[in-house]
Amino acid sequence: MRIGPLEVDPPVVLAPMAGVTNASFRTLCRRFGAGLYISEMLGARAIVENHARTLQSAEFGENEPIRSIQLYGIDPATVAEAVRRLVDQDQVDHVDLNFGCPAPKVTRHGGGAALPFKWRRFESIVTAAVGSAGKVPVTVKFRMGIDDDHLTFLGAGRISEAAGAAAVALHARTAEQL
Ligand SMILES: Cc1cc2nc3c(=O)[nH]c(=O)nc-3n(C[C@H](O)[C@H](O)[C@H](O)COP(=O)(O)O)c2cc1C
């Protein structure tokens, strides 16, 4: 499996998990031999605003050859700036954008897993991230949709491809299904 210039061998990925997939956990998992290990989800705004804990979470161990960071953001300009900083400072080899959060307090306001429903904003965020990333591949992770009556994954995939994403990941549940 290739993600832009990266070879993911074997084609097995440690799914990003907020509060779980930090550098220590990734190091423990590495002995089981997956091809790609993604960071915890980091807020684009927290990166732009230099929040110390978030910047610390964006660091990788010397045993981590592919530095893969998952970002969450709702504002295209902020996501673009966060990606630009990570890339300019040579801190990242792969950026994954998270559109999977099912928390009602987030989806109620149109964020997280509900964001692809607002497809113009979704498109702007992916386009902005790809535009800032240069040669660093950007992938997009999303759910099937908000609920069975509001499925968005096919549109989200097509938009991501057209915007230049290197790959997409599908969490094959709706937000309603948690
Ligand atoms: C504790 C926990 C935290 C998670 N946090 C994130 C996250 O920050 N970003 C994300 O894209 N997915 C997150 N997920 C979803 C997983 O990456 C994965 O897509 C999901 O668990 C589906 O895989 P499964 O069916 O094997 O559970 C989280 C899942 C769990 C269990």
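What follows is about the packing of aromatic side chains. Inspection of the entire model under this criterion finds two aromatic pairs. On the numbers, 4.8 Å between centres and 65 degrees between planes, the contact of phenylalanine 99 with phenylalanine 122 is edge-to-face. Of the two residues, phenylalanine 99 is situated in strand β6 (residues 94-99) and phenylalanine 122 in helix α6 (residues 119-133); the sequence distance between them amounts to 23 residues. Among the residues examined, phenylalanine 99 registers a relative accessible area of 1% and is labelled buried. Residue classification places phenylalanine 122 among the buried positions, given a relative accessible area of 0%. An angle of 80 degrees between the planes, with centres 6.5 Å apart, marks the rings of phenylalanine 122 and phenylalanine 142 as edge-to-face. Here phenylalanine 122 is found in helix α6, whereas its partner phenylalanine 142 is found in strand β7 (residues 138-145), with 20 residues between them in sequence. We note that phenylalanine 122, like phenylalanine 142, is buried. Ring pairs connect the aromatic residues Phe99, Phe122 and Phe142, which therefore count as one cluster.

The rules behind each value
Residues numbered from 1 in each chain as written. Predicted model: local features only at pLDDT ≥ 70, side-chain atom pairs only at ≥ 80, totals over all residues. Heavy atoms only, no water. Phe/Tyr/Trp six-rings, centres within 6.5 Å; stacked < 30°, edge-to-face > 60°. Helix = DSSP H or I, 4+ residues; strand = E, 2+ residues; numbered from the N terminus. Buried < 20%, exposed > 50% of the residue type's maximum accessible area, 1.4 Å probe, protein only.

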